[in-house]
Amino acid sequence: MEEKQSSLIHKISKVISDFFNPLVSLIIFFIYMSIREYSFNDSLLYFLPILLMIIIPVIIWLVWNVRTGRYTNMDVSNRQQRKTLYIFIAVCVITYLIFNYIRNGYIDFVMLFILILLFTLQISNLYIKSSMHTAFNIFVAALFFSLDWKTGLIWLGIAVLVGITRIILKRHTVKEVFMGAGIAFLVSFIYLYCNIQFQH
């Protein structure tokens with residue numbers, strides 16, 4: 001009976017962890033923000049470059065590296081393997097930031113802080129493999145919070161749940177989850193503070 005319960009908890013944890021991976025969580029936020037803040041045409045103009053320059057290339061990069069054996073799994077659980085993933089994502093985000101600045105004449109604030117979060121996680125990765133799933137979901141909670149505090153709190157609950165699943169699945173230790181959470185809380189606090197300052 002205990003084994004069945006343990007197996008069920010493991011399966012539920014895997015579903016939650018797989019669904020709320022950083023890419024999916026960010027896609028959900030960008031769709032929510034596009035619908036809330038823009039007209040249909042404007043949301044397409046905003047979201048399509050992100051999709052084509054960041055999301056799709058990162059998915060292709062992950063699938064290709066898993067298939068060729070460079071990455072053990074789609075989570076890129078191995079600390080050494082993560083280095084190239086962080087670099088590739090950073091290159092995609094920087095490319096998008098430059099493109100957006102040339103096209104629109106302003107720096108995409110959300111993407112800038114995603115880049116800051118990535119660099120901070122990369123530095124942390126030199127010493128401890130901090131949980132990217134946990135970090136990104138906490139940051140997504142901050143993004144939601146800047147638009148609607150209730151949705152932000154709901155997503156913070158999701159982030160806590162994701163952190164727990166990472167421990168259950170043995171993808172991260174408690175220390176690694178807390179490290180990811182700590183980094184994300186710091187970056188999120190700075191993001192929310194700057195967001196408030198720029199609005200006034």
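Residues numbered from 1 in each chain as written. Predicted model: local features only at pLDDT ≥ 70, side-chain atom pairs only at ≥ 80, totals over all residues. Heavy atoms only, no water.

1. Observations concerning the pattern of salt bridges
For side chains of opposite charge, pairing can occur when their charged atoms come near one another. We count it as follows: Salt bridges are identified by distance alone: a Lys or Arg side-chain nitrogen within 4 Å of an Asp or Glu carboxyl oxygen. Secondary structure is summarised from DSSP: a helix means a run of H or I of at least four residues, a strand means a run of E of at least two, and numbering begins at the N terminus for each. For every residue, the accessible area (1.4 Å probe, protein chains only) is compared with the maximum for its type, and the residue is labelled buried under 20%, exposed over 50%, or partly exposed between those bounds.
Under the criterion given, the structure shown has 2 salt bridges. With a closest N to O distance of 2.9 Å, Lys14 and Asp18 form a salt bridge. Of the two residues, Lys14 and Asp18 are both situated in helix H1 (residues 2–19); the distance of 4 residues between them amounts to about one turn of the helix. In this structure, Glu37 and Arg36 form a salt bridge, with 3.3 Å as the shortest nitrogen-oxygen distance. Among the residues examined, Arg36 registers a relative accessible area of 43% and is labelled partly exposed.

2. Let's talk about the nonpolar core
Threshold: In this text, buried Ala, Val, Leu, Ile, Met, Phe, Trp, Tyr and Cys residues form a nonpolar core when linked through side-chain atoms within 4.5 Å. Should any heavy atoms of two residues lie within 4.5 Å, those residues are counted as being in contact.
Formed by 51 residues in total, the largest nonpolar core has its most connected members in Phe29, Phe30 and Met111. Among the elements of the structure, helix H2 (22–37), helix H3 (40–67), helix H4 (79–104), helix H5 (109–125), helix H6 (132–147), helix H7 (149–168) and helix H8 (174–199) are those that each provide at least two residues to this core. Tallying contributions element by element places H6 first for this core, with 10 residues. Among all residues touching Phe29, those that are not within four sequence positions of it are Val110, Val140, Leu143, Phe144 and Leu147.

3. Observations regarding unusual backbone geometry
For Lys170, which is not glycine, the phi dihedral falls at a positive 60°. With respect to the helices and strands, the residue Lys170 is situated in the loop between H7 and H8.

4. Structural notes on the packing of aromatic side chains
Note the following rule: Pairing of aromatic rings covers Phe, Tyr and Trp, the last through its six-membered ring, and needs centres within 6.5 Å; plane angles under 30 degrees mean stacked, over 60 mean edge-to-face, and all others mean tilted.
The full count for this structure, using the stated rule, is 14 aromatic pairs. With a centroid separation of 5.1 Å and 65° between ring planes, the pair formed by Phe109 and Phe113 is classed as edge-to-face. In this pair, Phe109 and Phe113 are both assigned in helix H5, 4 residues apart and thus about one turn of the helix distant. Assessed through its relative accessible area of 21%, Phe109 is described here as partly exposed. Ring centres of Phe109 and Tyr191 lie 5.7 Å apart, and the angle between their planes is 35°; this geometry places the pair in the tilted category. In this pair, Phe109 sits in helix H5 while Tyr191 sits in helix H8, placing the two residues 82 residues apart along the sequence.

5. Topic: H3
One turn of the α-helix equals 3.6 residues, which is why residues spaced by three or four share an orientation. How we decide: Across the chain, bend at a residue is computed as the angle between axes fitted to the seven residues ending at that point and the seven starting from it.
At Leu51, H3 is bent by approximately 45°, the largest bend along its length. Looking only at H3, the buried set comprises Ser43, Tyr46, Phe47, Pro49, Ile50, Ile54, Ile55, Pro57, Val58, Leu62 and Asn65. The secondary structure elements touched by the buried residues of H3 are H2, H4 and H5. The first or second residue beyond H3 is Gly69, which carries a positive phi of 85°.

6. Describing the packing of H3 against H4
Packed helix pairs are characterised by how far apart their axes lie and by the angle those axes make with each other. Cut-off, in case you're wondering: Interaxial angle, 0 to 180 degrees, is taken between N-to-C directions of lines fitted to C-alpha atoms, where a helix line uses only the stretch in contact. Angular relationships are summarised with four words: roughly parallel below 35 degrees, roughly antiparallel beyond 145, roughly perpendicular across 65 to 115, and oblique for the angles in between. By definition, any crossing whose near helix is turned counterclockwise from its far helix by less than a right angle is left-handed, and any crossing with a clockwise turn is right-handed. In this classification, the charged set is Asp, Glu, Lys and Arg, the nonpolar set is Ala, Val, Leu, Ile, Met, Phe, Trp, Tyr, Cys and Pro, and all remaining amino acids, among them Gly, are polar.
One way to put it is that H3 packs onto H4 with a least axis distance of 10 Å and a crossing angle of 160°. Considering their axes alone, H3 and H4 lie roughly antiparallel with respect to each other. As for the relative orientation of H3 and H4, their crossing is right-handed in sense. Where H3 approaches H4, its residues Leu45, Tyr46, Pro49, Ile50, Met53, Ile54, Pro57, Val58, Trp61 and Leu62 are matched on the opposing element by Thr84, Leu85, Phe88, Ile89, Cys92, Val93, Thr95, Tyr96, Phe99 and Arg103. Here the residues of the contact of H3 with H4 are counted per class, giving 17 nonpolar, 2 polar and 1 charged.

7. Some details on the side chain of Gln81
The condition is simple: Polar contact is the term for a pair of N or O atoms within 3.5 Å; when the atoms are in protein, one must be able to donate a hydrogen and the other to accept it, and sequence-neighboring residues count only if both atoms are side-chain atoms.
Locating Gln81 in the fold gives a position in helix H4. Within the structure, the side chain of Gln81 is placed 3.5 Å from the backbone oxygen of Arg70, a separation counted as a polar contact. Gln81 has contacts with Arg70, Tyr71, Thr72 and Val76, leaving out every residue within four places of it along the chain.

8. A few points about the environment of Thr134
Relative to the helices and strands, Thr134 is located in helix H6. Taking the C-alpha atoms as reference, Thr134 lies 9.5 Å from Glu176; in sequence the two are 42 residues apart. Excluding anything up to four places from it in sequence, Thr134 contacts Ala159, Val162, Gly163, Arg166, Val177 and Ala181.

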